[in-house]
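Structural overview for review
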Amino acid sequence: MEASREALSLKDYLTSRDAASQVLDYEPDNYNATVFLALSLLELGQLEESEQAYNRATKLNPENPLAWQGLSKYYERTERWKDYADSLVHLIDLHRKLSDSFHVNATVVLFLTFQLRGNVVKCAESWQHLYDFQRERGTRLQVIDAMLMLIPPSHIHEMLSMLPPPDMTNPASTATFNAQTAIHDSLTHLETTVQYIEMEEDETLRKEVEKRRTRLGAPNLEILKDEVGREIWAESKLPLLYDEIINHPRTSDELRRSTEAKLLRHKQRYLYAIPNTPEFAGEKSKMLEQVDGLIQGAIILKIPDEQAWTMHLESMDCENVSGYDRELVKSYIMMFPSSPISTLLKGYFLYKNIPLSKAQDDSDNESIKETEKEDPFDTILEAYTIIPSSNIGNRVLSEVCISEHDYQNALKAAESGMELLNRLEKSTGRNLANVRIGYQASQATSLVHLFPPKYHSRALNIIDDVLSESKDNIPCLMGRAFILVQAKKWHEAATSFTRVVELLPANVSDGIRAREERAWCCCQIGGIDDGLASLKSIVTQLRDLNENSQDIARCLWRIGKCYWNMGDDHREEAYRYFILSLKSDPSYAPAFTSLGMYYAECAYPPDPNRASKCFQKAFELDPREAEAARRLAEGFAEDREWDLVEVITRRTIEGEGGIDAGMGDVRYLPTNAWAWKALGAVELHHRNYLKAVAAFQIALRADSDDPLSWLRLGECYSQAGRHVAAVKALEKAQELDPQDWICHYLIGHVKYQMGHHHEAISAFESILASRPAEVGVLMALGQTYLDKGRIEFEEGFHSRGEQSLLTSVSVGLRLNVTSTGFGRVIWKIVGDALFTLSTRPTYDDESTVRQALQNVLALCPTKDKHLSDVIPATVLSTDASITGMQVLEVAIAVYSYRTTLGSSEIPKADGSAWFDLGVGLLSWTIKSSGQTTGQPRVISFLSQALRKDPENGLYWVGLGNAYFTSNARGAQHAYIKAIELDTKNVAAWTSLGLLYLYYNDIELANQALHRAQTLDPDYAMAWIAQALIATQNGHDADAVAILEHAIGLAPNVPEGDVEYSCRSFRQYRLTSNAVDCPLQTLLPTFFVLRRYCERRPDDATGLHLYALICEGLGHLETAAAHLALTTAILEASYEISEDPTVERQFSIANTNLGRIRLALRDYKGATQSFESALGLLSEDDEPEMNILRAQAHFGCGIANFLQGDIDAALANLELALESAEDNVILRGQVTVLLAQTMWASQNDELRENSKAHLLECIASDPDDLTAVNTLAGLGVLTDDQSLVDAALSELLTLPRERRLQRDPERNVDHMLAHYHLGQQDPKKAVAVAQGALFGEPSRSEARAWLATLMLQKENSDAALALLSGLAADNPTLLRLRAIALSRENSKEAMRDIQRAVMLAPSDSQCWRAMALQFYILE
């Protein structure tokens, strides 16, 4: 051991390690040797072995600090800082324990005192190391923990108190200077620790709140702060440290006061953070006692802590501020003279004239009296703006505002104070019942007198609550009495006022007012004598007391009213008291009103001028003087001063509660309904419909049975676009006054706006039944029929639309007879109806149309100065049918006549007439092919319309349409001008885009059309134009998609329908496999074209295309009928124009008609059609002519063959073959048919020729699979194996892709399979079917074919495997599956065959399969 110790002292760590190891070999539990070994190993760098040795030593003797000191050194050297701090704390604890043991035995052994001091020093050194380490590397919280070790009741504080005082002149003389300083200058140490803890708690609160705010379902910020604060402040050490500072002997008075303030605020924050719930009631109550104790200490000692004094004042439970302890208030004011609350309190007591002490001349009151130089009310207002969230401030302001009769601000202050009170009670846990009653009394008083009786129901609820707690509360008793007075419940009001009189002395202002109101109630219930006597005595008392002049004026006016109500004999006496009232208070408005009534009704002679002046004065002083306002409004209305009427109306409404307030409160019942009605009429005149609606609604609250108000309300709703509400309001008006025809008219007008034309017509006709000459109703009826006809035309109901338009014309003519003063409107309706009717080429009720046109022409001038040289006079022949062109010409004549009815006084009406004439003539010019003389007139008429009304965008668009093909610059200018007038004009943007497209400016066209689509995505014409642009760019698929979207938009554009149909049919014809799914491709086109043909029944192109679509769908009869109509239209057109294009179209139509008649087995008709086509085809060698000629001969040959005329058939087919020339496809088809015809002739020579023709065809076109297939069939029929082998070799040498392309119906595969079956080789037939299925696995026909072969071989399992999961919606596959299942699962088979029959009820094979299944079940 000695050797090891000496080696350590000489820093010979290797020798020391060896010596210590030798000792441990003999004595393994030797503590000192283990420590020496650990230290040696540490110095030698053997760290793990050193730590193990130290840990073993601490276990050998846990109470000895030597090993822990070494272990602490090891942790420091290895930078294991957490373990280092823990070891220092452990050392401090060991030294404390050793010190405690020394204290016990110090009286016995003297030398132990020295060791005790050594332990104290070592403990201080350990603390010093820990403190320095935490300051350098630890957190603020760790520093605080270290500092708290030296503050009572720390377990080492008493021991470290034995340290000597520090040598301030030589801090380096000891290693425990900081510890000595903290012990002997503990106040500074306490302040530093408190500062650190305050910083740590504030930062922890902020960080924790920010962290928890982001959680889902986190409460609001205030609640979150309270929750986090309660967690922190409940465990806070600050209260104990504050107490240490307060009780410290070296604490100065200033520090003690500031620390006490901190302690109060800390406990207050903790108190406010504790929830006011039963769970935390005990904790909150305990903390409230502590806070109250601190506050009481500050009050008793008069410590100038403003927050403590303010909290004490706010916790005083008084009904009003005058109930505060005046000495306490005076002390507060003197202690905090610059505080806003002090200013408030000084102003309040001066305003109320309440002394703050018994001796008014006391010297303490001098500073308070200085405030008397200022207006106390202004002082209160200025102070309140500084502290609007103060409970005291809101109490003071609400009471003072009530005294000033500023009830609105009083109510705001009381409501704000109630919120602050609720918050205060929740924060402190106190129950301030009297303060609540005070606020409620202020609220109730304000509500009673603020725009009475607007808030009386709300005030009454508050009054009931207060009186249930304080039955003698004077403000609430007075408030209830005033509410009863307003409700004219005089007996009950008198009882309430009597109760107030009993409670108050006779000379108190409230008591005097209660006596006055009781006397007034007596006058109203018949006790005029007693009431007058009381009122006169009260006037005398008020004069003696020098009370408010307004109170005296009111009392005198009431005396005058009593005399007024006593009859005419006492009117002069009443007049005298009215004058006395005004002398007492010249601003008392009711006296002026009564005086005006006297001058208007009782003065002799009546003096209306003086009365009007009195009413004006009364209304100026008080807008609540409704009687004066009503009389003024009536007078101004008689003088037609409508602006003044509006001013009076609005001010009257403001006087009873304000326009916004009235409209915002649903339960608000107006006292002046006449004012609201007048306001509604004014707003309706100014087109402020929503405001007018609100005004009439409020008026109806006062009188819900006023039919005129309901009528006006319905009119407002109608103008605002709320048609359903308008109908309900008008029906209510009609219910109240069934005889009011205006109501019926407005209902019809609203129904018209809603598009319910039938109901609108019924309403108008019901009026005309009793008032047949009512011009406005006739106009509305004609316009309704006109719009109804237009909509019916758009929806495809052409017969209905025709009848509606004719009715509109007849109504217009009837109106023309009834009233000649509305010619412009009458002929506008007639012209528009005829113009719309002209869109039909023929008419269902031609006689009515003829009669209508004759009636119109009879009223129009025979000579037309505008168009006599352009449009010939319309002649309605009884032999010929009425055409759309004739109707259009009559419409143009009406428009022309309308231009002669105008006057320069209404330029816009003139513009409408010229525009209609121009548009009508433009339509006539377009329909009259080749007519050019009308174009200049169109432009002239439209220009004249624009001169009359240059701001009408519709006119500019019309002018642009007229210029469209002839003047590009003019058209562009017109469209752009229309856009400038209305940038959201979709028609103008679309027309501009079409113009650019017409002149091949694709980029500008696209921009314009994109703008149009943005403005109105449902405008069909813009989409159609975009489709044209897509076509121009080569995007045909996109064009079809766009057109498909456009045809579904409303209103429908017929040109879009036909364009979509043409493209769809072209796409259908180009599809190689079109036969597979005709319905999916052609059904939409079929419906679109049918709609188009209904609207344009004279369009040969549309009818022709519709017939082709019907042919594709199998509607052959319909197709034949429409093609026959097409040929008739084309024939009539050709007779007029002799246009070669029409001739060619006629030939094509006849060719198609012949083909369809062939399908219908009308062979003679087919032959006739083909011959008609051949008769018109020229002998030119143009490819198109040759194809048409070949098709006509081809069809004619088929017709001849089917009629049994073989020679004629062969002749036509030979001619078709000659016409086909180099057209390989057509030549092949003709050759095949020629061969088949020759074979059918039963002539051996012709049969051989048929083979020769087929071989020749195959030689010229080896890919003609139809010819190869036919040749193979002939070989099978003649049993010519060489011919069959030759045909099969041609088929098998073709690649499968080319074969499928040339054989879309897959006839070759069928022929091969049947050939193998005929050769009794089913395996090869199955192989062919399998190859077809493998090549096209999605083709249902190939799968059905293979499954059929499997069933024929009685291989049901293979058939089921082919059909499993694929037969859900295919009737053929379902039928085959049912046959395969028939023997194994008959029920499932029956379900499948029933579903197949349901999907294809016309398929006879499905029915036969079902019969078979029934047979199997039986």
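Residues numbered from 1 in each chain as written. Predicted model: local features only at pLDDT ≥ 70, side-chain atom pairs only at ≥ 80, totals over all residues. Heavy atoms only, no water.

Once that is clear, we can look at the overall build of the chain. Helices and strands together make up the secondary structure of the chain, namely 74 helices and zero strands. The proportion of buried residues among the 1418 residues of the chain is 48%. Pairs at least 24 residues apart make up 55% of the contacts formed inside the chain by residues separated by at least 6 positions. As presented, the chain carries roughly 70500 Å² of accessible surface, and 51% of it is formed by carbon and sulfur atoms. (Helix = DSSP H or I, 4+ residues; strand = E, 2+ residues; numbered from the N terminus. Buried < 20%, exposed > 50% of the residue type's maximum accessible area, 1.4 Å probe, protein only. Contact = heavy atoms within 4.5 Å. Areas by Shrake-Rupley, 256 points an atom, 1.4 Å probe, with all protein chains shown as cover.)

Enumeration according to the criterion identifies 60 salt bridges in this entry. The partner of Arg 256 in a salt bridge is Asp 253, with the nearest N and O atoms 3.4 Å apart. Residue Arg 256 and its partner Asp 253 are located together in helix α14 (residues 253-273), separated by three residues, close to a single helical turn. We classify Asp 253 as exposed; its relative accessible area is 53%. (Salt bridge = Lys/Arg side-chain N within 4 Å of Asp/Glu carboxyl O.)

Moving on, we get to the packing of aromatic side chains. Applying the stated rule across the entire model yields 26 aromatic pairs. Measuring from centroid to centroid gives 6.3 Å for Trp 309 and Phe 336, while their planes differ by 70°, and the two rings are edge-to-face. With Trp 309 in helix α16 (residues 306-314) and Phe 336 in the loop between α17 (326-335) and α18 (340-351), this pair connects stretches of sequence that are 27 residues apart. With respect to class, Trp 309 is no different from Phe 336; both count as buried. Considering the side-chain rings of Trp 914 and Phe 941, the 5.7 Å spacing of their centres and the 35° angle between planes classify their relative orientation as tilted. Of this pair, Trp 914 sits in helix α47 (residues 907-927) while Phe 941 is found in helix α48 (residues 934-948), placing the two residues 27 residues apart along the sequence. The exposure class of Trp 914 is buried, given its relative accessible area of 14%. Take Phe 941: its relative accessible area is 5%, and that puts it in the buried class. Among the aromatic residues, those joined into a ring-pair cluster are Trp 81, Tyr 84 and Phe 133. (Phe/Tyr/Trp six-rings, centres within 6.5 Å; stacked < 30°, edge-to-face > 60°.)

Turning our eyes to something else, we now look at the packing of helix α54 (residues 1036-1046) against helix α55 (residues 1054-1070). Following both chains from N to C, one finds α54 and α55 inclined at 135°, their axes separated by 9 Å at the closest point. Here α54 lies oblique to α55, going by the angle between them. Seen along the crossing, α54 lies across α55 with a hand that is left-handed. Where α54 approaches α55, its residues Asp 1036, Ala 1039, Val 1040, Leu 1043 and Glu 1044 are matched on the opposing element by Gly 1056, Glu 1059, Tyr 1060, Arg 1063 and Gln 1067. Across the contact of α54 with α55, the residue classes break down as four nonpolar, two polar and four charged. (Axes fitted to C-alpha atoms, helices over the stretch in contact; angles between N-to-C directions. Parallel < 35°, antiparallel > 145°, perpendicular 65-115°, else oblique. Left-handed = near helix turned anticlockwise from the far one by under 90°. Nonpolar A, V, L, I, M, F, W, Y, C, P; charged D, E, K, R; others polar.)

One finds Leu 313, Tyr 324, Leu 345, Val 396, Phe 497 and Ile 559 to be the most contacted residues of the largest nonpolar core, which totals 125 residues. Apart from the residues within four sequence positions on either side, Leu 345 is in contact with Leu 313, Val 321, Val 329, Tyr 332, Ile 333 and Ile 392. Judged by nonpolar contacts, the second largest core, of 45 residues, contains Leu 942, Ile 979, Val 986 and Trp 989. (Core = buried A, V, L, I, M, F, W, Y, C linked by side-chain atoms within 4.5 Å.)

None of this, on its own, says anything about what the molecule does.
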